[in-house]
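Descriptive analysis of the structure
Here are the chains, one letter per residue:
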Amino acid sequence: EKLVITATNKNNTSDVHIINYIGGVADGSLQLQQGATYAVKLDFQVKHDDHYESVNEEITAEKDEHFITFQFSDSDVAVKRASDDVVRTDGNKVGLSTEWKINSVSATGKANIKLVHTPNSVNQNYPTADNQQGQTSGGETDVNVLVNLH
């Protein structure tokens, strides 16, 4: 499995951070500026023979069977599910496209991104409607990524 995380500073589109997370290892850390807001796109990929292929189309086609959650440690990051994100039948957004407002981040800051398959229930507005890190009950974690934020 592979996850490509692309974070683009909304006020400076030349400030782009791309992390490749392959088989449990990230090829760098997201060096995100305190006070900035980033458009964050997630591209989940699986290996086919000698290359990786995106499965975002499958996630989108099976949107009601998928949900992405975000958790942050040693940092204060507010997540907003973006207007161009995929909307599930229940009205919750999947989480492939989000915005992260970096309120503060420390040298030990981390982001934990999980792709959950067939959750029993989802809540995009957890912990609040202004910080949509998301919460699920039940289901199986397909992808569990931990990335440094410093």
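Higher on the page you've got the structure.
These notes cover the structure that comes with them. (Residues numbered from 1 in each chain as written. Predicted model: local features only at pLDDT ≥ 70, side-chain atom pairs only at ≥ 80, totals over all residues. Heavy atoms only, no water.)

1. Some words on the overall build of the chain
The following threshold applies: Strands are runs of DSSP state E lasting at least two residues, helices are runs of H or I lasting at least four, and both sets are numbered from the N terminus onward. For this measure, only C-alpha atoms enter the radius of gyration; the expected value for a globule follows 2.2 Å times N^0.38, where N is the number of residues. Working rule for contacts: check all heavy atoms of both residues, and any pair within 4.5 Å makes them a contact. Using a 1.4 Å probe, accessible areas were evaluated by the Shrake-Rupley method; residue-level cover was limited to the displayed protein chains. Positive charges come from Lys and Arg, negative ones from Asp and Glu, while His and the chain ends are left out of the count. Charge positions come from single atoms, namely NZ of Lys, CZ of Arg, CG of Asp or CD of Glu.
Looking only at helices and strands, the chain has 1 helix and 12 strands in total. When the elements of the chain are put in sequence order from the N terminus, they spell out β-β-β-β-β-α-β-β-β-β-β-β-β. Taken over the C-alpha trace, the chain has a radius of gyration of 15 Å; the compact-globule value for 150 residues is 15 Å, and the two agree within 12%. Principal-axis analysis of the C-alpha atoms gives the chain an extent of 40 × 35 × 25 Å. For the chain, restricting intrachain contacts to residue pairs at least 6 apart in sequence, the fraction spanning at least 24 positions comes to 65%. With an accessible surface of roughly 7500 Å², the chain has 43% of that area assigned to carbon and sulfur atoms. Once the 12 positive and 21 negative side-chain charges of the chain are each reduced to a mean point, those two points are 7 Å apart.

2. Details of the layout of surface pockets
In this approach the atoms are scanned with a rolling probe the size of a water molecule, which exposes any empty space left behind. Under the convention used in this document: In this analysis a 1.4 Å probe is tested at points of a 1 Å grid over the protein atoms alone, and where it fits but cannot get out there is a cavity; an open set with protein on both sides within 12 Å along at least five of seven lines is a pocket; lining residues have an atom within 4 Å of a point. Grid points are joined across faces, edges and corners, and a volume is the space filled by probe spheres set on the points. Gly is placed with the polar residues, together with every amino acid not listed as nonpolar (Ala, Val, Leu, Ile, Met, Phe, Trp, Tyr, Cys and Pro) or charged (Asp, Glu, Lys and Arg).
The space that makes up the largest pocket amounts to roughly 170 Å³. If you trace the largest pocket, you find 13 residues lining it, with Val-46, Val-55, Ile-59, Leu-115 and Asp-142 closest to the centre. Those elements that place two or more of their residues in the lining of the largest pocket are β4 (37-48), α1 (56-61) and β12 (140-148). The leading source of residues in the lining of the largest pocket is β4, at 3 residues. Taken together, the residues of the lining of the largest pocket sort by class into 6 nonpolar, 2 polar and 5 charged.

3. Some details on a negative patch on the surface
Rules: Surface patches are defined over residues having more than 30% relative accessible area and no salt bridge, joining like charges when they lie within 9 Å and nonpolar side chains (Val, Leu, Ile, Met, Phe, Trp, Tyr) when within 5 Å. Just to be clear on terms, a salt bridge is a Lys or Arg side-chain nitrogen sitting within 4 Å of an Asp or Glu carboxyl oxygen.
Negative charge collects at one region of the surface, where Glu-57, Glu-58, Glu-62, Asp-64 and Glu-65 lie side by side. Looking at the element boundaries, Glu-65 is found in the loop between α1 and β6 (66-81).

4. Observations regarding the packing of aromatic side chains
Aromatic ring pairs are defined here through the distance separating the ring centres and the angle between the ring planes. Where we set the bar: Whether two aromatic rings pair depends on their centres lying within 6.5 Å, for rings of Phe, Tyr and Trp, where Trp uses its six-membered ring; planes under 30 degrees apart make the pair stacked, over 60 edge-to-face, and the rest tilted. Accessible area is worked out with a 1.4 Å probe on protein chains only. A residue is then buried under 20% of its type maximum, exposed over 50%, and partly exposed in between.
Scanning the model with the defined rule gives 2 aromatic pairs in all. Plain terms: the ring middles of Phe-70 and Trp-100 are 6.0 Å apart, the flat faces sit at 80 degrees to each other, and that makes the pair edge-to-face. Highlighted residues: Phe-70 in strand β6 and Trp-100 in strand β7 (residues 97-117), separated in sequence by 30 residues. Phe-70 gets classed as buried once you look at its relative accessible area, which sits at 0%.

Everything listed here is a matter of geometry and, on its own, says nothing about what the molecule does.
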